[in-house]
Amino acid sequence: MTKMKKSSVVLTCLLLLLLSGALAFIDGNASQYIVRITRLCAINIVLALSMNLVQGFTGIFSLGHAGFMAIGAYSVALLTIPVAKKETIFMLEPLIAPLDTLTLPFGVALIIGGVLAAAAAFLIGLPCLRLRGDYLAIATLGFSEIIRILITNAQCVTNGAQGLKSIPKTADIWWCYGIALVVLVFIALLVSSSYGRALKAIREDEIAAESMGISLLRHKMLSFMISAFLAGVGGGLYASYIGTIGPDVFQISRTYDILMIVVMGGMGSITGSVLAAFIVTIGQEWLRVLDGPLPFLPFWPENGVSGMRMVVFSLLLLIIILFFRNGLFGHKEITWSSVGARLSALSGHAHKEVTKP
Amino acid sequence: MSERVLEVNHATMRFGGLVAVNDLTMLIDKEEIVALIGPNGAGKTTAFNMITGVYTPTEGTVQLCGKAITGKRPDRIAAAGIARTFQNIRLFKALTVLDNVVIAQHLRLTSSWPAAVLRLPRYRKENAAMYARAKELLETMGLWDVRGEIASSLPYGMQRKLEIARALATQPKLLLLDEPAAGMNPAESAELTGLIRGIRDQFHLTILLIEHHMDVVMDISDRIYVLNYGSLIAEGTPAQIQQNDDVIRAYLGGDEDEA
C-alpha cells in the first residue's frame with residue numbers, strides 16, 4: 001500500500017516535471033495563438049473546479065458563476081490598471097477615490113477579487129441556499145444578471161458599458177498554471193477531508209445528512225463561498241488574460257461554458273474537470289474551422305456560417321448528456337492505479353496478474 | 001433510581017385541521033428499549049419527527065437528559081445525542097459503506113476546515129480516530145468485509161444494519177429506529193433482535209423503536225407505547241399490552257366498527 005503511494009508520488013512529480021517542460025516549450029517556441037489557448041485552458045480549469053465544488057460535490061445547482069467571475073475580474077482590473085491609464089479610460093465620469101490613485105500587485109488584486117466574490121456569495125447565499133434545485137438555480141441566475149446590470153450602470157466605478165481596457169497582461173502561462181495547480185491541490189485536499197465528506201453527504205441525501213448532525217446551511221455556505229472565491233480568482237485571471245473587459249463578457253453564457261466543462265468531465269470528478277477543460281477549450285478553437293467556408297460541401301454558403309462550431313459543440317454536449325449521463329468520469333477520479341489497470345488490461349497482462357498467487 | 005433520557009410532554013402535532021399526534025407523553029429511562037406501536041397512520045413516524053426536530057411540535061415539549069430540545073434543528077438535536085434510522089432507508093447511496101459511517105462522525109469534529117485542508121496534526125489525529133471507530137462499528141454490525149462497497153449495492157438487510165451503524169457513529173445517547181425489521185424474514189428479524197440488544201449493552205444506549213413485527217416487539221421491548229389515531233391508548237410491559245382490550249380492538253377492529 002505504501003509502496004503504491006510512493007510510486008504514485010514519484011509518477012506525479014514526473015508528470016508535473018513533464019508538464020512544466022511542455023509549458024516552457026510552448027511558452028518559448030509556440031505561436032502567440034497557441035500560448036493564449038494554453039493559458040485559457042488553465043483559467044478554465046480554475047473555473048471548472050470551482051463550479052464542480054458546488055455542483056458536483058455539494059449538489060447545489062448554482063448558476064451564478066458569471067457574476068462571481070465579473071466581481072473578480074473588475075476588482076483585478078480596477079486594482080492593476082496604471083493610474084495614468086485610468087484617467088484616459090474614465091472619460092464620461094471620473095473614477096471614484098481611492099480607486100483612481102490606487103494600484104496593487106497582481107497577486108494581491110486577485111485575492112481581493114476572490115474575497116469580494118466570496119462576500120457576495122455570503123450575502124446571496126443567506127436567503128438563496130435555503131432553496132433547493134431549480135429554485136436555487138433561478139435565484140443565482142438572477143443574481144448573476146443583477147451583477148451585470150450593476151456593472152453596466154455604475155459608471156463611476158466600472159466605466160459602464162464602455163468597459164475597462166489596458167489591464168496589464170500579467171497572467172502569463174506560469175501565473176495561470178501555477179494558480180490552477182494550487183486550486184487543484186486545494187480542492188483535492190478539501191473534498192477528501194471530513195468537510196468534503198460532509199458536502200458529499202449533503203449531495204447524496206440532505207435529510208439524512210442533517211439528521212447525522214451536519215448543518216446544511218453552514219456547509220452549503222462554506223462550499224458556496226469557497227467556490228465563489230475561486231470563481232473570483234478565475235475571473236481575475238481572465239481579465240488579465242483578455243486585457244479588456246465589459247459587462248457583456250460576463251453574460252449567462254459564460255456560466256454555461258463552464259457548466260459544459262463540468263458536465264463533460266463528470267459532476268464530482270476533479271480529474272474529469274481538468275481533462276474536460278482542455279477538451280472544451282481546445283475543441284472550441286479547433287472547431288473554428290467550421291465557421292469558415294467548407295469548400296468540400298457544395299451546398300455550403302461561400303463565406304461559411306458563423307457560429308456553426310457552437311451548433312456542432314452543442315450537438316456534442318447533447319450526445320454526452322444522452323449517452324454518458326455522468327460525463328466522462330462520473331464521480332470517479334483518474335488515479336495512477338486506475339491508469340495502470342487500464343494499461344495492463346490493454347496489453348493483456350491483466351489476466352496474468354490476477355492469476356498470480 | 002435510573003436516569004431519565006427522553007421526556008416527551010403533552011406533545012401535539014397539527015397539520016392544518018389534521019391532528020397527527022395528540023397530547024403524547026412518553027418517558028424513557030437510560031438503557032431501556034421501548035417500542036412505539038400502532039396501526040398504519042397512527043402517528044408513530046410523526047412522533048419520531050417531532051423528537052428529531054424534523055417537525056416542531058405545535059404544543060408540548062421534548063427533553064433529552066433534562067435539556068429542552070423542542071423546535072431545535074435536526075443537526076443540533078443529533079449533536080445533543082439523538083440518532084435515528086429511517087423507515088425507507090436513507091443511506092448516502094453513491095458513497096462507500098465505510099464513508100457512510102465516517103461521515104456520521106463529522107459532527108464531533110473540532111478542527112476547522114482550513115485545518116482539515118492543511119491536514120494539521122490535530123485534524124489527522126481526529127480523522128484517524130474516525131476511521132478507527134468506523135472500523136469498530138462495522139465489525140460490530142458484521143459489515144467490515146463490505147466496507148469498500150457502494151452503499152446502494154448492499155442487500156436490503158445489510159443496508160438496514162448500515163443505517164444503524166451510521167446512527168451509532170454519531171455517538172448518541174438515544175437511538176430511534178424506524179421499523180428496523182421491515183422487510184426481514186423471521187430468521188433475519190430474530191438476528192436483528194439480538195443485535196439491537198447487543199448494541200444497547202455495548203454502548204449503554206437507550207432505544208426507542210417503531211416496529212410492526214409483533215414477535216420482535218414483544219421479544220425486545222421493556223415497555224411499549226401504543227398509538228392509535230394520534231393518541232396514546234396504552235402503555236406498559238409486553239405482557240400488559242398483549243392483554244389490553246383497547247390495543248386488541250385497535251389492531252383487530254372492535255364491535256362498533258363492524259356495526
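Residues numbered from 1 in each chain as written. Chains lettered and ligands numbered in written order. Predicted model: local features only at pLDDT ≥ 70, side-chain atom pairs only at ≥ 80, totals over all residues.

1. Quick look at the overall build of chain B
Assigned secondary structure in chain B consists of eleven helices and ten strands. Here the C-alpha coordinates of chain B stretch approximately 70 × 40 × 40 Å along the principal axes. Counting contacts in chain B only where the partners sit at least 6 residues apart, residues at least 24 apart contribute 66% of the total. (Helix = DSSP H or I, 4+ residues; strand = E, 2+ residues; numbered from the N terminus. Contact = placed C-beta atoms within 7 Å.)

2. Concerning helix H7 (residues 186-203) of chain B
All names here are of chain B. In this model, H7 (18 residues) spans 26 Å end to end at C-alpha, consistent with the 26 Å of a helix rising 1.5 Å per residue. When H7 is considered as a whole, its buried residues turn out to be Ser-189, Leu-192, Thr-193, Ile-196 and Ile-199. All buried residues of H7 fall inside an arc of 135° around its axis, so they share one side. What points out from H7, more than 90 degrees from its buried face, is the exposed set Ala-187, Gly-194, Gly-198, Asp-201 and Gln-202. Check the buried side of H7 and you find it contacts strand S3 (33-37), helix H5 (121-140), helix H6 (156-169), strand S8 (206-210) and helix H8 (214-220). Downstream of H7 by one or two residues, His-204 has phi in the positive range, about 50°. (Expected span 1.5 Å × (residues − 1). Buried ≥ 20, exposed ≤ 12 C-beta atoms within 10 Å, placed from the backbone. Arc of directions from axis to C-beta.)

3. Points about the domain arrangement of chain B
Residue and element names in this part refer to chain B. Looking at the assigned domains, one finds that chain B contains domain 1 (4-81 + 172-258) and domain 2 (96-162). In this structure, domain 1 and domain 2 have C-alpha centres spaced 28 Å apart. Taken together, the contacts link eight residues of domain 1 with five residues of domain 2. Element by element, the count of residues in the side of domain 1 that touches domain 2 is highest for H7, at three residues. When the residues that make up the side of domain 1 that touches domain 2 are grouped by side-chain class, the tally is five nonpolar, two polar and one charged. (Domains from an automatic or database assignment. Nonpolar A, V, L, I, M, F, W, Y, C, P; charged D, E, K, R; others polar.)

4. Quick notes on the packing of helix H3 (residues 65-80) of chain A against helix H5 (residues 106-128) of chain A
When two helices pack together, their arrangement is captured by the angle between the axes and the distance separating the axes. Residues and elements named next belong to chain A. Packing of H3 against H5 leaves a shortest axis separation of 8 Å and a crossing angle of 145°. Remark: the crossing between H3 and H5 carries right-handed chirality. Where H3 approaches H5, its residues Phe-68, Ile-71, Gly-72, Ser-75, Val-76, Leu-79 and Thr-80 are matched on the opposing element by Phe-106, Ala-109, Leu-110, Ile-112, Gly-113, Gly-114, Leu-116, Ala-117, Ala-120 and Ala-121. (Axes fitted to C-alpha atoms, helices over the stretch in contact; angles between N-to-C directions. Left-handed = near helix turned anticlockwise from the far one by under 90°.)

5. Examining the interface of chain A and chain B
Residue-level contacts link 22 residues of chain A with 26 residues of chain B. Elements that contribute at least two residues to the side of chain A that touches chain B include exactly helix H8 (173-191), helix H9 (194-204) and helix H10 (206-211) of chain A. Of the residues forming the side of chain A that touches chain B, the biggest block, seven residues, is contributed by H9(A). Across the side of chain A that touches chain B, the residue classes tally to eleven nonpolar, six polar and five charged.

6. Regarding the confidence of the model for chain B
All names here are of chain B. Mean pLDDT over chain B stands at 92; residues scoring 70 or higher make up 97%. Ranking the helices and strands of chain B by mean pLDDT puts helix H3 (residues 97-103) first, with 97, and helix H11 (residues 255-258) last, with 49. Interface confidence in the predicted complex, given as ipTM, is 0.91; pTM for the same model is 0.91. (pLDDT = per-residue confidence, 0-100.)

7. Digging into the pairing of strand S9 (residues 223-228) of chain B
All names here are of chain B. Bridging between S3 and S9 involves four bridges; their strand directions are parallel. By the bridge assignment for S9, Leu-36 is matched with Tyr-225. One ladder, built from five bridges, connects S9 with strand S10 (residues 231-236); its direction is antiparallel. Opposite Tyr-225, over in S10, you have Glu-235 as the bridge partner. Following S9, the chain reverses through two residues before pairing antiparallel with S10; Tyr-229 in that reversal takes a positive phi of roughly 50°. (Pairing = 2+ DSSP bridges.)

8. Considering the packing of helix H2 (residues 32-58) of chain A against helix H13 (residues 270-286) of chain A
Residues and elements named next belong to chain A. Between H2 and H13, the shortest axis-to-axis distance is 8 Å and the interhelical angle comes to 140°. When the axis of H2 is compared with that of H13, the two are oblique. Note on packing geometry: the crossing formed by H2 with H13 is right-handed. In this structure, H2 uses Ile-37, Leu-40, Cys-41, Asn-44, Ile-45, Ala-48, Leu-49 and Asn-52 to contact H13, whose residues at the interface are Ile-270, Ser-273, Val-274, Ala-276, Ala-277, Phe-278, Val-280, Thr-281, Ile-282 and Glu-285. Broken down by class, the residue content of the contact of H2 with H13 amounts to 13 nonpolar, four polar and one charged. (Parallel < 35°, antiparallel > 145°, perpendicular 65-115°, else oblique.)

9. Comments concerning the nonpolar core
Membership of the largest hydrophobic core comes to 166 residues, with the highest contact counts inside it found for Val46(A), Ala48(A), Ala77(A), Cys176(A), Ala228(A) and Ala165(B). A per-element tally of this core places H2(A) first, with 13 residues. There are two domains that each give this core at least three residues, and those are domain 1 (4-81 + 172-258) and domain 2 (96-162) of chain B. Among residues more than four places away in sequence, those in contact with Cys176(A) are Arg39(A), Ala42(A), Ile43(A), Ala171(A) and Leu237(A). (Core = buried A, V, L, I, M, F, W, Y, C linked by C-beta atoms within 7 Å.)

10. Describing unusual backbone geometry
Residues and elements named next belong to chain B. One non-glycine residue, Arg-119, adopts positive backbone phi at about 55°. With respect to the element layout, Arg-119 can be found in the loop between helix H4 (113-117) and H5. One non-glycine residue, Glu-179, lies in the positive phi region at around 50°. Locating Glu-179 in the fold gives a position in the loop between strand S7 (174-178) and H7. The exposure class of Glu-179 is buried, given the 21 C-beta atoms found within 10 Å.

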